[in-house]
Amino acid sequence: VNADIVCLQEFWFANEELRALYSRRMCEEGGYALEELRRSSIWRQRDDGLAVFVKKERLTIQDTRDIIFHDCGDRVAKMMLLAYKTPVPNHDGKEEEEEEMPSQQLIVVNTHLLFPHNENSNKIRLREVTKILGFVEEYRQRELCETVCSRTDVRIPVFIAGDFNGSPEGKVARMLQQHSYQNAYASISSKSWVSHRSHRQDDLPVDH
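Attention in this report is confined to the structure presented alongside it. Within each chain, residues carry numbers counting from 1 in the order of the written sequence. With the structure being a predicted model, the display of local features is reserved for residues of pLDDT at least 70 and the display and counting of side-chain atom pairs for 80 or more, all residues being used for whole-chain, interface and lining totals. Side-chain metrics rest on all non-hydrogen atoms present in the structure, leaving aside hydrogens and water.

1. Observations concerning the sheet that holds strand β9 (residues 158–163)
Reasoning step 1: Pairing between two strands requires that DSSP report at least two bridges joining them. Under the scheme used here, helices are H or I runs from DSSP no shorter than 4 residues and strands are E runs no shorter than 2 residues, and both carry numbers assigned from the N terminus. Here four strands make up an open sheet; going across it, the order is β4-β5-β8-β9 and the pairing mixed. Where the open sheet ends on each side, the last strands, each with one partner, are β4 (59–68) and β9. Within this sheet the neighbouring strands show an average axis-to-axis angle of 20°, counted without direction.
Reasoning step 2: Taken together, the six bridges between strand β8 (residues 105–112) and β9 define a ladder with parallel strand orientation. Following the sheet pairing, V108 is matched in β9 by F159. A fitted line through C-alpha atoms serves as each axis, taken over the contacting stretch for helices, and the angle formed by two N-to-C directions is quoted from 0 to 180°.

Structure follows, in structure tokens:
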């Protein structure tokens, strides 16, 4: 694995051996920093959750926030403010990090939305993504501005990744598009894709 950022869902907290395997291979050997969030609510805590691995040599984790939906599926989201490290040439012609140089920041959100068991579940999924959008917008306005500013004042890329449990033509995807988000895969390919097989044995493109 050599990606800058790796977002995982259904990361199994209940198995310490599995967590140790990821920690050893990704963090100790792969050079990644790990941020994780267990699926939970005020009522209970689940066995699985989210994990985000960030390549330490390329990116700095500047901030991280937990988004707890407090809904029937105990779903959550992990939001992170990251900054690319900016190498500049030194007097020997080699690259070194210069703290004074401005770096490219970005916001990354990893989530796993509720499965669409029925129409009511779809309404909950829309509420979940609405909470994410509101959280990100408030964070941009209050944490990334000296004073409260408008959406256009904070020019920073935002990436929302995860298992949406919905198709690229679904209501969640349409809501994101209405808020100026683009489907990353569709922007580079017109081909359809399958991310995994559901527990109903359906082959679906639900990881975005």
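2. Some words on the sheet that holds strand β1 (residues 5–12)
Reasoning step 1: Ordered by their spatial adjacency, three strands build an open sheet running β1-β3-β2, and the pairing between neighbours is antiparallel. Two strands close off the open sheet at either side, each with one partner strand: β1 and β2 (32–40). Put simply, the sheet's adjacent strands are angled 20° from each other on average, direction ignored.
Reasoning step 2: Alignment of β2 against strand β3 (residues 45–55), held across eight bridges, turns out to be antiparallel. Pairing of E35 across the sheet is with V52, part of β3.
Reasoning step 3: What makes two residues a contact is simply this: any of their non-hydrogen atoms within 4.5 Å. The strands touched by helix α1 (residues 16–28) within the sheet are β1, β2 and β3, with β1 carrying the most contacts at an inclination of about 170°.

3. Quick look at a nonpolar patch on the surface
Reasoning step 1: Patch definition: residues with relative accessible area over 30% and no salt bridge; like charges joined within 9 Å; nonpolar side chains (Val, Leu, Ile, Met, Phe, Trp, Tyr) joined within 5 Å. The Shrake-Rupley method, run with a 1.4 Å probe, gives the accessible areas here. Residue values count only the displayed protein chains as cover. The salt bridge definition used is simple: a Lys or Arg side-chain nitrogen within 4 Å of an Asp or Glu carboxyl oxygen. A contiguous nonpolar surface patch, about 240 Å² in accessible area, is contributed by W12, L18 and L21.
Reasoning step 2: Residue placement: L21 occurs in helix α1.

4. Observations concerning the packing of aromatic side chains
Reasoning step 1: Stacked, tilted and edge-to-face are the three classes assigned to paired rings of Phe, Tyr and Trp, where Trp is represented by its six-membered ring and a pair needs centres within 6.5 Å; plane angles under 30 degrees give stacked, over 60 edge-to-face, the rest tilted. By the definition in use, this model includes five aromatic pairs.
Reasoning step 2: Seen in terms of ring centroids, F11 and F53 are 6.5 Å apart; in terms of plane orientation they differ by 75°. Their pairing is edge-to-face. Residue F11 is located in strand β1, and its partner F53 is located in strand β3; the two are separated by 42 residues in the primary sequence.
Reasoning step 3: Residue F11 is classed as buried on the basis of its relative accessible area of 5%.
Reasoning step 4: With a centroid separation of 6.2 Å and an interplanar angle of 20°, the aromatic rings of Y22 and F53 are classed as stacked. Of this pair, Y22 sits in helix α1 while F53 sits in strand β3, and the two are 31 residues apart along the sequence.
Reasoning step 5: For Y22, a relative accessible area of 30% gives the class partly exposed.
Reasoning step 6: Grouping aromatic residues by their ring pairs yields a cluster made of F11, F13, Y22, Y32 and F53. For every residue, the accessible area obtained with a 1.4 Å probe (protein chains only) is divided by the maximum for its type, and the residue is called buried under 20%, exposed over 50%, and partly exposed between those limits.

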